[in-house]
Amino acid sequence: MALFRKKEIATNEFNQVIVGTSLTKEAWKRLKKNKLAVVGGVIVIIYTLIALCASLLPIYPYDEAITVHRNLRPSLTKTAGDLMLEQEMKNLFFQAWRQGRLELSDEEDAQIEAWVMESKTNQVWDLVYARGMEALEAGSFEWNSSEQSRIDRMLNNIETETQITIDKVSVVYEGETMNIEDMSYEELRGLYASLLGVDEETLEESLVNEVRSAVSNELRSKDSTLSGEDLDSSVEMEMDALGEDGIHDRASTNIIGYIEQIAQRSANSDIQAMIDSGSMTFPYEGTFDLSNGLHVELEVTKMHERRYIFGTDYLGRDLLSRIIYGSQVSIAVGIVGTVTSIFIGILVGSLAGYLGGKVDYYLMRFVDIMYGLPYMLLVIICMAIFGRQIVNLFFALALVSWLTIARMVRGQIMSLKNQEYVEAARSMGAGTMHIIFKHMIPNSLSIIIVYSTIRIPAFIMQESFLSFLGLGVQAPYASWGSLIGDAVSSMALYPYKLIIPSIVMVIFLFSMNFLGDGLRDAFDPQTKNQL
């Protein structure tokens, strides 16, 4: 008997090699012919990679707010300082026009008056700025002493002001060097109390009051009519919804910010000495061991040399960074919600379809009851009861979203359970779980994959709706929905804050839908032309 026997190749009666068919290979061939699905898949991959690598990208911190950079428009060429100066000059030119010092034509004066009546502020500023710059160059207009002083002061600030970005603050705590972001609430509270020289009980009361005050401000910003007892009761409801863990999370965020401020103030003198001596080149990265026991790693840059490709929001935060980090939350909501709903749906649907009888009857009646409940109302109630943490958002969205996949899997299992390979496995003594998970679910993967790609954009839309209502992702985190919700109040004056996140989200949703349609046609081409 030979040690190595040549593998026999199956042939037909014409001596042609018999090549087996693969559902996956055939589906892949059909998918590659669908150009929209391929483009959609590429875009989804690019979005996902950008979201995963956000911390490695050369972008500004998503939660870093520079108040003097508030509401700067998008620009590829101009720095933040240029845009600040432009905003200041627009305001000064408008005031000069009001005072009659900047002369325009009668038609332009009438046009500006009409725009003012229609609250078209951007058009007014653009026109007076353009005509003002022309007048300055022609020598027919000049600044008065007060205006020139304001411009000179701003130019000096643009040239000299620096931005200190804290990368990491660590401290020796109980004999171990710890990053303050890794410390628990109790550890942070103890550290902050020791830095301030106060007892922890007093500090605890102050921190809770700060959270309460922040909640009150958030409620009043959403509904300016709230006051008195109505406001107090709403604040108490919000505090109860946050729970102890939620309050501690927000207090921890505040403490970290305060400790970073202490570290920054302590390092300022050393940094200023280096700037005055000319030994600091920008951007500068370094570490400082401070006298209060803090070890800080920071970066020093010229504050107004930043470039904001997508502009800034109402707090001076980079909109590009917030969109990229917001994609992490939005895509995670879509993926986690889909995986959770599919897992529950497969389990319920496969058991109902394979076992049949009373098990099928009771499980499907439960599904029918759940279908009769208002989905978004249940989600809103869950978020109100359990708090607005991201984990609770995942749970609330997946609560009843498994119903459709359960019915789909049940129907597929019922059509497969009498197939020959299932009968063969049953006759060989295979158990119920083995048959379901080893034979039937793998043969149902096509509809599961297609359903998954369709559900991801649905979950993202639902999260966006909740964030728009203020029930989704909470500060300092962001999602596409929360960015759009924040931009609505100022969309007339700063439309880019609404348009850019909307375009980013719409492109991803369309791409997922194109990919889902392509996968459906690839795995089940017979349904392509069916309504």
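Structure: see above.
As the structure is a prediction and not an experimental result, all values here were calculated from the model.

What counts, and where the lines are drawn
Residues numbered from 1 in each chain as written. Predicted model: local features only at pLDDT ≥ 70, side-chain atom pairs only at ≥ 80, totals over all residues. Heavy atoms only, no water. Helix = DSSP H or I, 4+ residues; strand = E, 2+ residues; numbered from the N terminus. Rg over C-alpha atoms; globule rule 2.2 N^0.38 Å. Buried < 20%, exposed > 50% of the residue type's maximum accessible area, 1.4 Å probe, protein only. Contact = heavy atoms within 4.5 Å. Pairing = 2+ DSSP bridges. Patch = residues over 30% accessible without salt bridge, like charges linked within 9 Å, V, L, I, M, F, W, Y side chains within 5 Å. Areas by Shrake-Rupley, 256 points an atom, 1.4 Å probe, with all protein chains shown as cover. Salt bridge = Lys/Arg side-chain N within 4 Å of Asp/Glu carboxyl O. Expected span 1.5 Å × (residues − 1). Arc of directions from axis to C-beta.

**Student:** Honestly, the overall build of the protein chain in this entry has me stumped. Any pointers?
**Tutor:** Along the protein chain, the regular secondary structure elements total 19 helices and 4 strands. Taking 24 Å as the expected radius of gyration for a compact globule of 531 residues, we find that the protein chain reaches 31 Å, considerably beyond that expectation. Considered along the principal axes of its C-alpha atoms, the protein chain spans approximately 100 × 65 × 65 Å. Per-residue burial for the protein chain yields a buried fraction of 41% across its 531 residues. A separation of at least 24 residues holds for 70% of the contacts in the protein chain among residues at least 6 apart in sequence.

**Student:** Got a minute to help me understand the pairing of strand β4 (residues 294–302) in this structure?
**Tutor:** In summary, the side chains of a regular strand alternate between the two faces of the sheet. Strand direction decides the pairing type here: strand β1 (residues 162–173) and β4, joined by 9 bridges, are antiparallel. Its bridge partner being in β4, Ile-164 is matched across the sheet by Val-300. Bridge analysis of strand β3 (residues 284–289) against β4 gives 6 bridges, and the strand direction is antiparallel. By the bridge assignment, Asp-289 is partnered in β4 with His-295.

**Student:** What am I meant to see in a nonpolar patch on the surface here?
**Tutor:** Together, Leu-377, Ile-381, Ile-385, Phe-386 and Phe-395 line one region of the surface with nonpolar side chains, adding up to about 500 Å² of accessible area. Here the element with the most residues in the nonpolar patch is helix α12 (residues 375–386); it accounts for 4 residues. Along the chain, Leu-377 falls in helix α12.

**Student:** For this particular structure, what's the right way to read the pairing of strand β2 (residues 176–179)?
**Tutor:** As paired strands, β1 and β2 are joined by 4 bridges and run antiparallel to one another. Following the sheet pairing, Tyr-173 is matched in β2 by Glu-176. Counting the residues between successive antiparallel strands, the hairpin from β1 to β2 contains 2 residues, one of them, Glu-174, with a positive phi of roughly 55 degrees.

**Student:** How do you make sense of helix α4 (residues 106–117) when you look at a structure like this?
**Tutor:** Working note: α-helix, 3.6 residues per turn, so residues spaced by three or four point in the same direction. An ideal rise of 1.5 Å per residue puts 16 Å on 12 residues; α4 measures up with 17 Å between its terminal C-alpha atoms. Regarding α4, the residues found buried are Glu-108, Ile-112 and Trp-115. Angular distribution of buried residues about the axis of α4 spans 60 degrees; they occupy a single face of the element. Facing away from the buried side of α4 by over 90 degrees, the exposed positions are Asp-106, Glu-107 and Met-117. Buried residues along α4 sit against α3 (80–98) and α5 (121–138).

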